[in-house]
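Residue-level structural notes
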Amino acid sequence: MLHLHGAWRLAALPALWPRLRALPLAPGIAVDGSALAELDSAAALALLWALQQAGADPERVDWRGFDGAPARVLLDTARRQSHRVPQLALPPRPALPALGKEVLSLGHLLRGHLAFFGQTCAAFGALLLRPRLLRVKELFAQIQHCLVEAIPVVALVTLLIGVTIAYLLGLQAEKYGANIFVVDGVGIGMTREFAPIIVAVIVAGRSGAAFTAQLGAMRLTEEIDAIRTLGLSPAQVLVVPRVLALVLALPLLVFVGDVVGILGAMLVADPMLGITPATFLERLRGALSLDHVWVGLGKAPVFALAIALIGCRMGMTVGRDTRAVGLATTSTVVQSIVAVILLDAAFAVLFQHLGI
Amino acid sequence: MNASAPAIEVEDVVTRFGEHRVHDGVSFAVRRGTLTAIIGASGTGKTVLLREIVGLQAPTAGRVRVLGTDMWAAPEAEVQAVKRRFGMMFQDGALFSSLTVAENVAVPLKEHGGLPAELLAPLVQLRLAQAGLEADAGAKMPSQLSGGMRKRAAIARALALEPEVLFLDEPTSGLDPTTARGFDRLVRDLVDQLGIAVLLVTHDLDTVLTVVDRLIVLADGRVLADAPPAEVVALDHPWIRAYFSVRTMLSQG
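Residues numbered from 1 in each chain as written. Chains lettered and ligands numbered in written order. Predicted model: local features only at pLDDT ≥ 70, side-chain atom pairs only at ≥ 80, totals over all residues.

1. Some details on the overall build of chain B
Basically, it comes down to this: Numbering of helices and strands starts at the N terminus; helices are DSSP runs of H or I of at least 4 residues and strands are runs of E of at least 2. Burial in this document is a count-based property: other C-beta atoms within 10 Å of a residue's C-beta are tallied, and the residue is buried at 20 or more, exposed at 12 or fewer, or partly exposed in between, with C-beta positions derived from the backbone. By the criterion used throughout, residues are in contact when their C-beta atoms, derived from the backbone, lie within 7 Å.
Secondary structure summary: chain B contains nine helices and 10 strands in total. Here chain B holds 253 residues, and 42% of them are scored as buried. Partitioning the contacts of chain B with sequence separation of at least 6, the portion at a separation of at least 24 is 65%.

Here you go:
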């Protein structure tokens, strides 16, 4: 005979449960609820579950003294209870199939990017035929965001990169008395490689992520569907202004990076290597062929196109829940940076063959 | 604590947004074990009132007590403790999108319950069943659910800690009539079987006329009526007449 006393509530379960499990609950046991002050559904469940775990079928238990609210709660809980309990932790996926799935989804992703590139090209084609389709206001808003508001952070980072490169190069060059070659190194390195890559990475984190987050949130709130049902093309309204803005903005930002980076090098060259600004500029004019600058600036629009396309595509195709927007935004930044570095490697090989 | 004390007491609540007065002295009380609905035209601050009662948004003036605790004057620890004794279902469910339905229901149990681990899964199953969901639904992600299922999952999470009071924000909005009526019965059952006090905000005439015990009508920043639905219907006020006339027109064909 099991006598129940007092208030059986969810809050009391942590204390009740071990004692309940320690009891010998034989099949056919009698349970007396006449002294129960209160019984809630969680405690009723615990009682039923303990009986079942001990092999005592609640159907065969001799229930005594249950009436009023506790009886109702007990009956109701027994009716709703089921042995098919949900899994709270998903089983870990086996490694090999998971790897295969990832590879396949990567291929799927790349195919999707290519299709999106095609759609965007078609949208630009339509724009050439009917220039009035261009959303001028949106384009300028995006240029404001991608270009003007990015200048301070781009300047700060490239200034520090210029200082660092000049300092490290200077340490080596000093050993051979070849101080002046620091100007060559900084000039060529900054304009051809460092500024484009660094600025593209900054822009991927700023604008690429912003594109995905904005478009993803718009998809979540069905704004993109609204644009479609109003007979407008999301590609024209949302994608084209963003892509165009970034393609225009990135070369200009790279130019800012070139100038500020070289300025940074000039700042350390004077006190550390004894190269006055006048000598620095004189040497720069001779050492830095404009080809290098053009190569750096020429790569920028291609980087921008990749970043903008990835950012927009990830936003337009994000799943309809808040978690997916966060995941897609992270993915955009990673993909953009990888794309920029791959493209840069391809450019290096290409220019090598072209002899530039 | 006094068992006959009201579950919810709202006293002279005033809410101002800038110059705009939403509530101008709202007072009412909700008894335990009853199903009370707040109705009113759009913009009369029904949802705002609900957010003030559950402690999400501070009223400009006035007092709100839930289960005897003043939500805006009591010490933080006391407010936190009382929050474990009521549940809230948001309009869109507000399920955590990175967790499965079962994990969503388990969140309050894990955070506050201190429950034995082996009871967790059976308890989640019971809550899903109480909200009218199969155990299979527990493995789904919120994004895979239909609107009605999302609301049921949200109720299951709100019920997790065996609340004494349940707040529902537009529980039947966006549901088809059949599902909506099923939801009404579910809420009624929760009141009758678990003895919880339910306060809901709604626009749904069917809910108001079929399952609600008491109706609070908000208009012009005040409580226009606080009575059983049958008495409210009989009141002579332009908004109430207009609101219920839809039903009269329908029944007269």
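2. Quick notes on the nonpolar core
Note the cut-off: The nonpolar core is taken to be a set of buried Ala, Val, Leu, Ile, Met, Phe, Trp, Tyr and Cys residues joined by way of C-beta atoms within 7 Å.
In this structure, A46(A), V165(B), F167(B) and V198(B) are the most contacted members of the largest nonpolar core, which totals 89 residues. Counting residues per element, this core draws most heavily on helix α2 (residues 41–53) of chain A, which supplies nine residues. Setting aside residues up to four positions removed in sequence, A46(A) forms contacts with L13(A), L16(A), W17(A), L20(A) and L119(B). Core analysis: the next-biggest nonpolar cluster, separate from the first, contains 60 residues, L147(A), I307(A), I310(A) and M316(A) among them.

3. Regarding the packing of helix α6 (residues 151–175) of chain A against helix α7 (residues 181–220) of chain A
All names here are of chain A. Which entries qualify depends on this criterion: Convention adopted: a line fitted to C-alpha atoms gives each axis, helices being fitted over their contacting stretch, and angles between N-to-C directions are expressed from 0 to 180 degrees. The crossing is said to be left-handed when, going from far helix to near helix, the turn is anticlockwise and less than a right angle, and right-handed when the turn is clockwise. When residue character is reported, Ala, Val, Leu, Ile, Met, Phe, Trp, Tyr, Cys and Pro are called nonpolar, Asp, Glu, Lys and Arg charged, and the others, Gly included, polar.
Contact geometry of α6 with α7 gives a least axis separation of 10 Å together with a crossing angle of 145°. In this structure, α6 meets α7 at a crossing whose hand is right-handed. The segment α6 lies against α7, with V153, V154, V157, T158, I161, G162, I165, A166, L169, G170 and A173 engaging F181, V182, G185, V186, G189, M190, F194, A195, I198, V199 and I202. Residue composition of the contact of α6 with α7, by class: 17 nonpolar, five polar and no charged.

4. Quick word on the pairing of strand β6 (residues 86–89) of chain B
All names here are of chain B. Just so we agree on the cut-off: Think of it this way: DSSP has to see at least two bridges between two strands before they count as a pair.
The alternating pattern of β6 places F86 and M88 and G87 and M89 on opposite faces, both of which are buried. In terms of strand pairing, β6 meets strand β7 (residues 165–169) through four bridges, oriented parallel. Paired with F86 across the strands is V165, a residue of β7.

5. Topic: the sheet that holds strand β9 (residues 214–219) of chain B
Residue and element names in this part refer to chain B. In spatial order, the strands read β6-β7-β8-β3-β9-β10; together these six strands make up an open sheet with mixed pairing. For this open sheet the edge positions go to β6 and β10 (222–227), each flanked by a neighbour on one side alone. Each adjacent strand pair in this sheet contributes to an overall mean axis angle of 15°, direction not counted. Where β7 meets strand β8 (residues 197–201), five bridges bridge the pair, whose relative direction is parallel. By the bridge assignment, V165 is partnered in β8 with A197. Lying over the sheet, helix α5 (residues 147–159) contacts β6 and β7, oriented at roughly 165° with respect to β6.

6. Overview of the sheet that holds strand β2 (residues 20–30) of chain B
All names here are of chain B. Strand order in the open sheet made by the four strands is β2-β1-β4-β5, with antiparallel pairing throughout. Only two strands of the sheet have a single partner each, and these edge strands are β2 and β5 (69–70). Judged from the five bridges that link them, strand β1 (residues 8–17) and strand β4 (residues 61–66) form a sheet pairing that is antiparallel. Paired with V10 across the bridge in β4 is V64.

7. Observations regarding unusual backbone geometry
All names here are of chain B. Here L67, not a glycine, exhibits a phi torsion of approximately 50°, which is positive. Structurally, L67 can be placed in the loop between β4 and β5. By C-beta crowding, L67 is classed as buried, having 20 other C-beta atoms within 10 Å. Notably, D220 is not glycine yet its phi reads approximately 50°, a positive angle. With respect to the helices and strands, D220 occurs in the loop between β9 and β10. Here D220 falls in the exposed class, since 11 other C-beta atoms lie within 10 Å of it.

8. Quick word on the interface of chain B and chain A
Each partner contributes to the interface: chain B provides 29 residues, whereas chain A provides 28 residues. If you list the elements that add at least two residues to the side of chain B that touches chain A, you get α3 (101–113), α4 (117–130) and α6 (177–194) of chain B. Here the side of chain B that touches chain A takes 10 residues from α4(B), the largest share from any one element. Residues belonging to the side of chain B that touches chain A are distributed by class as follows: 17 nonpolar, 10 polar and two charged.

9. What to know about the confidence of the model for chain B
Let me state the cut-off plainly: Scored between 0 and 100, pLDDT is the confidence that the predictor attaches to each residue.
Within chain B, residue pLDDT values average 84, and 95% of them lie at 70 or more. Ranking the elements of chain B by mean pLDDT puts helix α9 (residues 238–252) of chain B last with 72 and β8(B) first with 91.

10. What to know about helix α12 (residues 322–354) of chain A
All names here are of chain A. Where we set the bar: Expected span of a helix, by definition, is 1.5 Å for each gap between consecutive residues, and there is one gap fewer than residues.
Between its terminal C-alpha atoms α12 stretches 47 Å, which fits the 48 Å expected from 33 residues at 1.5 Å a residue. Every buried residue of α12 is listed here: V325, A328, T329, T332, V333, Q335, S336, A339, V340 and F347. Where the residues of α12 are buried, they touch α7 and α11 (290–316). Just beyond α12, the residue with positive phi is G355, at close to 75°.

11. Quick look at the environment of S143(B)
Checked against the element boundaries, S143(B) lands in the loop between α4 and α5. Here S143(B) falls in the partly exposed class, since 14 other C-beta atoms lie within 10 Å of it. For the pair formed by S143(B) and T100(B), sequence separation is 43 residues and the distance between their alpha carbons is 9.4 Å. Sequence-distant contacts of S143(B), defined by excluding residues within four places in its chain, comprise G319(A), R320(A), D321(A) and S97(B).

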